[in-house]
Amino acid sequence: MEIEIREAFDEDLDSINSLLKESFSVTKNNFSSDDIHEIVAVVDSNVVGYLLYTKVFNPIKNRYYGLIDYVCVLSNYRRMGVARKMLEYVTVLAMKDDLMYLQLTCSYFRIAAHHLYEKCGFVKRESDIFRKEII
């Protein structure tokens, strides 16, 4: 199975939304920003994986870091290296962009995802995330 990793095209929106709906019960609209990259994995002309990579500026350190969100793979393609290849692709982008680090969050119950991230070089931090919803 050949897996192509690339930036998403506008035509990928329906496939991306299917992925997001299956994995996170959300959908999105198309958007464009120099600091946001939407990465897809394609097998046999079908989008089977997606992640969102955002460059975030840290004004204290005067450098950027990368934030990874919405890593998802269609259920029929999981455990085949799709997410790993997307994370490798983003790591190369981060090095080209001279980022300080890549960061992501993952729900505590997604144990398989935790193992994947650790295999890809991410280190679990001993911290809790606090969020305040502003609606």
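Residues numbered from 1 in each chain as written. Predicted model: local features only at pLDDT ≥ 70, side-chain atom pairs only at ≥ 80, totals over all residues. Heavy atoms only, no water.

Explain the packing of aromatic side chains to me, please; I cannot follow it from the model alone.
Each pair of aromatic rings is reported with the distance of its centres and the angle of its planes. Counted under the stated rule, the structure contains five aromatic pairs. Ring centres 5.0 Å apart and planes at 15° place the aromatic pair Tyr-65 and Tyr-101 in the stacked group. Of this pair, Tyr-65 sits in strand E4 (residues 63-73) while Tyr-101 sits in the loop between helix H2 (82-96) and strand E5 (102-104), and the two are 36 residues apart along the sequence. A relative accessible area of 16% places Tyr-65 in the buried class. Its guanidinium or amino end placed over the ring of Tyr-64, Lys-55 lies 5.2 Å from that ring's centre, counting from NZ or CZ. (Phe/Tyr/Trp six-rings, centres within 6.5 Å; stacked < 30°, edge-to-face > 60°. Helix = DSSP H or I, 4+ residues; strand = E, 2+ residues; numbered from the N terminus. Buried < 20%, exposed > 50% of the residue type's maximum accessible area, 1.4 Å probe, protein only. Lys NZ or Arg CZ within 6 Å of the ring centre and 35° of its normal.)

When you look at the sheet that holds strand E3 (residues 46-58) in this model, what are you seeing that I'm missing?
In a beta sheet, neighbouring strands are held together by backbone hydrogen bonds and run either parallel or antiparallel to one another. If you walk across this open sheet you meet the five strands as E1-E2-E3-E4-E5, and the pairing is mixed. What marks the edges here is a single partner per strand, and that holds for strand E1 (4-7) and E5. Sheet twist, expressed as the mean angle between neighbouring strand axes with direction ignored, is 30°. Pairing geometry for strand E2 (residues 36-43) and E3, over eight bridges, is antiparallel. Looking across to E3, one finds that Val-42 is bridged to Val-47. Sheet strands in contact with helix H1 (residues 13-24) are E2, E3 and E4, and its direction is about 80° off that of E4. (Pairing = 2+ DSSP bridges. Axes fitted to C-alpha atoms, helices over the stretch in contact; angles between N-to-C directions. Contact = heavy atoms within 4.5 Å.)

What should I look at first to understand the nonpolar core in this one?
Side chains that are nonpolar tend, in soluble globular proteins, to be buried together. Core analysis: the largest hydrophobic core is formed by 24 residues, its most contacted members being Leu-51, Tyr-53, Ile-68, Met-86 and Leu-102. When residues of this core are traced back to their parent elements, those giving at least two are E2, E3, E4, H2, E5 and helix H3 (111-119). Counting residues per element, this core draws most heavily on H2, which supplies seven residues. One finds Leu-19, Leu-20, Tyr-50 and Cys-72 within the second-largest nonpolar core, a separate group that totals nine residues. (Core = buried A, V, L, I, M, F, W, Y, C linked by side-chain atoms within 4.5 Å.)

Just to check I follow, could you spell out the environment of Tyr-53 for this structure?
Mapped onto the elements of the fold, Tyr-53 is located in strand E3. If we ignore the near neighbours within four places in the chain, the residues touching Tyr-53 are Asp-35, Ile-36, His-37, Gly-66, Leu-67, Val-90, Leu-93, Ala-94, Asp-97, Leu-99 and Leu-102. A distance of 3.1 Å separates a polar atom in the side chain of Tyr-53 from a polar atom in the side chain of Asp-97. (Polar contact = N/O pair within 3.5 Å; in protein donor to acceptor, adjacent residues only side chain to side chain.)

In this structure, what is going on with the environment of Leu-104? I would like to understand it.
With respect to the helices and strands, the residue Leu-104 is situated in strand E5. Of the residues examined, Leu-104 reaches a relative accessible area of 18% and is grouped as buried. The spacing of Leu-104 and Tyr-70 is 34 residues in sequence and 9.3 Å in space, taken between C-alpha atoms. Setting aside chain neighbours within four positions, we find Leu-104 in contact with Ile-68, Tyr-117 and Phe-122.

Quick question: what am I supposed to make of unusual backbone geometry here?
Trans peptide bonds make up most of the peptide bonds, and negative phi angles are found at most residues other than glycine. The backbone of Asp-44 sits at a positive phi, close to 50°, despite the residue not being glycine. Tracing the sequence through the fold places Asp-44 in the loop between E2 and E3.

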